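Here is how the chains run, residue by residue.
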Amino acid sequence: MDTAEFEEGAERLRPTMMDVAARAGVSQATVSLVLNGSVGARLTDATKLRVREAANALGYKLVRRAKKKSPASDKLIGFVADEVATDPWTPLIFEGAREKALEYGVTMTMAVLRGEGDLKSQLIDQMSKQPHLGLIYATMLTRQVQPPQIFFETPSVLVNCYDKRRRLPSILPGELLGGRTATEHLIRAGRRRIALINGQHGIDASRDRLRGYRQALSSADIPYDPELVYPGNWEPSAGYEGTMQLMRQDNPPDGIFCANDMMALGCYDALKELGLRIPDDISVVGFDDREVAQFMRPPLTTLVLPHYEMGAVAAELLLDIAGGLSTGHDQIKVECPLVSRNSVAFGANEENAA
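Note that the coordinates shown come from a computational prediction; the quantities given were computed from them, not determined experimentally.

### Things to note about the sheet that holds strand β5 (residues 170-173)
No. 1: Taken together, 6 strands build an open sheet; the order of strands is β2-β1-β3-β4-β5-β11 and the sheet is parallel. Edge positions in the sheet fall to β2 (107-112) and β11 (331-334), since each of these pairs with one other strand and no more. Taken over all neighbouring pairs, the strand axes of this sheet differ in orientation by 20 degrees on average, direction set aside.
No. 2: In this structure, strand β1 (residues 76-81) lies alongside β2, joined through 6 bridges in parallel fashion.

Structural data, given as structure tokens:
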């Protein structure tokens with residue numbers, strides 16, 4: 001075997017980031033965030049440790065991209081959002097992308113496109129005249145979009161949204177796995193009659209969190225009972241009304257998975273009004289990890305919506321694409337880590353198993 005053949009064989013055997021992800025049981029995006037030491041990434045210490053141990057076991061070495069040396073006109077990413085004022089999610093995406101871009105000497109501009117009309121056309125026209133390295137398009141709600149033509153004419157990445165035909169790469173939260181993780185946490189705590197107060201019908205997040213909930217029940221051989229699923233609307237009032245209706249059943253739930261933390265607030269109010277103690281009488285899990293979750297009494301066990309991480313992954317992917325690298329990704333799911341607090345009660349046996 002000559003030197004060239006040996007080097008080619010060694011290259012094929014070299015472990016990849018995907019190998020590390022498979023060994024650690026996490027997404028490739030999570031491996032990238034851990035090994036790159038992304039500031040602000042909300043990952044648990046256990047997840048970080050698993051990734052580092054997997055990388056060490058495989059002998060994986062992170063190849064760091066050198067800072068791009070280019071004219072000032074190439075050091076700009078355009079960040080376009082559909083909303084930034086009503087929820088914290090889009091600003092978190094922007095912050096994650098901005099911090100990652102700054103690591104490579106790239107700055108970002110932001111534009112907000114609300115609805116249709118002349119203003120939107122003027123804004124798109126203005127951005128098309130500026131020399132951008134690439135564009136990131138982010139939405140507040142996870143949904144399907146039809147990106148304006150400008151996104152197909154320059155390197156672009158979608159965040160929290162996706163193009164139906166997958167013509168553009170997209171970064172999405174792992175909602176289905178998150179719904180499954182929340183339900184499995186209640187199952188490990190010994191709960192067997194688990195209710196779901198879901199979000200608004202027709203929303204991607206509601207659909208995927210329900211699918212994850214059903215998968216977890218099926219894996220634990222717990223029959224799915226549609227009477228335990230209440231159609232909410234993301235607001236505290238739905239959490240309150242749903243809990244009251246669920247607890248009136250002849251065989252009420254012993255655990256409730258609220259599809260967001262705001263509905264968990266209403267759920268808490270209803271349970272306390274009924275004289276039930278959390279978590280002694282009933283355990284509750286939320287989703288989103290809003291700031292209020294840690295101040296609820298008891299503090300709410302919930303899952304993180306990883307918008308900061310999604311922004312960081314989007315910026316890194318965009319820099320690869322703009323640099324001419326073929327990423328091979330049309331959609332990346334970023335995991336939603338569980339934040340265990342005091343709203344779920346474990347017995348001694350269950351706690352050891354968890």
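Once you've had a look at it, read on.
### A word on the confidence of the model for the chain
No. 1: Looking at the chain as a whole, its pLDDT mean stands at 85, while 82% of the residues score no less than 70.
No. 2: Under a pLDDT of 50 for its full length, residues 1-12 has, in the predicted model, 1 contact with residues more than four places off or in other chains.
No. 3: Segment residues 66-73: pLDDT under 50, and 10 contacts once partners within four positions in sequence are set aside and those in other chains are kept.

### Thoughts on the nonpolar core
No. 1: F257, C258 and V284 are the most contacted members of the largest nonpolar core, which totals 44 residues.
No. 2: Listing elements by their share of this core, those giving two or more residues are α7 (175-188), β6 (194-198), α8 (204-219), α9 (236-247), β8 (255-258), α10 (261-273) and β9 (283-285).
No. 3: The element best represented in this core is α10, accounting for 5 residues.
No. 4: When residues no more than four places from it in sequence are discounted, the contact partners of V284 are I256, C258, C267, Y268, L271, I278, L300, T301, S343 and V344.
No. 5: Counting residues in each nonpolar core, the second largest holds 40 residues, with L35, A54, A81 and I332 among its members.

### Here's the deal with α9
No. 1: Between its first and last C-alpha atoms α9 spans 17 Å; for 12 residues at 1.5 Å apiece the expected length is 16 Å, and the two agree.
No. 2: Of the positions making up α9, those classed as buried are A238, G239, G242, T243, M244, L246 and M247.
No. 3: Where the residues of α9 are buried, they touch β6, β7 (229-231), β8 and α10.

### Structural notes on the sheet that holds β8
No. 1: Overall, parallel pairing links the 4 strands, which are arranged β7-β6-β8-β9 in an open sheet. The open sheet has two free edges, formed respectively by β7 and β9, since each of these has just one partner strand. Along the sheet, successive strands turn relative to each other by an average axial angle of 15 degrees, direction set aside.
No. 2: Direction of pairing for β8 relative to β9: parallel, over a ladder of 3 bridges. Each residue of the ladder has a partner; that of G255, found in β9, is S283.

### Focus on the pattern of salt bridges
When the charged atoms of two side chains lie near each other, side chains of opposite charge can form a pair.
No. 1: Evaluated as defined, the whole model comprises 15 salt bridges.
No. 2: For the salt bridge of K100 with E103, the shortest nitrogen-to-oxygen distance reads 3.3 Å.
No. 3: Residue classification places K100 among the buried positions, given a relative accessible area of 2%.
No. 4: The class for E103 is partly exposed, based on a relative accessible area of 32%.
No. 5: D208 is the salt-bridge partner of R211, the closest N and O atoms lying 3.3 Å from each other. Of this pair, R211 and D208 are both found in helix α8, 3 residues apart, which corresponds to roughly one turn of the helix.
No. 6: You can call D208 buried: its relative accessible area is 10%.

What counts, and where the lines are drawn
- Residues numbered from 1 in each chain as written.
- Predicted model: local features only at pLDDT ≥ 70, side-chain atom pairs only at ≥ 80, totals over all residues.
- Heavy atoms only, no water.
- Pairing = 2+ DSSP bridges.
- Helix = DSSP H or I, 4+ residues; strand = E, 2+ residues; numbered from the N terminus.
- Axes fitted to C-alpha atoms, helices over the stretch in contact; angles between N-to-C directions.
- pLDDT = per-residue confidence, 0-100.
- Contact = heavy atoms within 4.5 Å.
- Core = buried A, V, L, I, M, F, W, Y, C linked by side-chain atoms within 4.5 Å.
- Buried < 20%, exposed > 50% of the residue type's maximum accessible area, 1.4 Å probe, protein only.
- Expected span 1.5 Å × (residues − 1).
- Salt bridge = Lys/Arg side-chain N within 4 Å of Asp/Glu carboxyl O.

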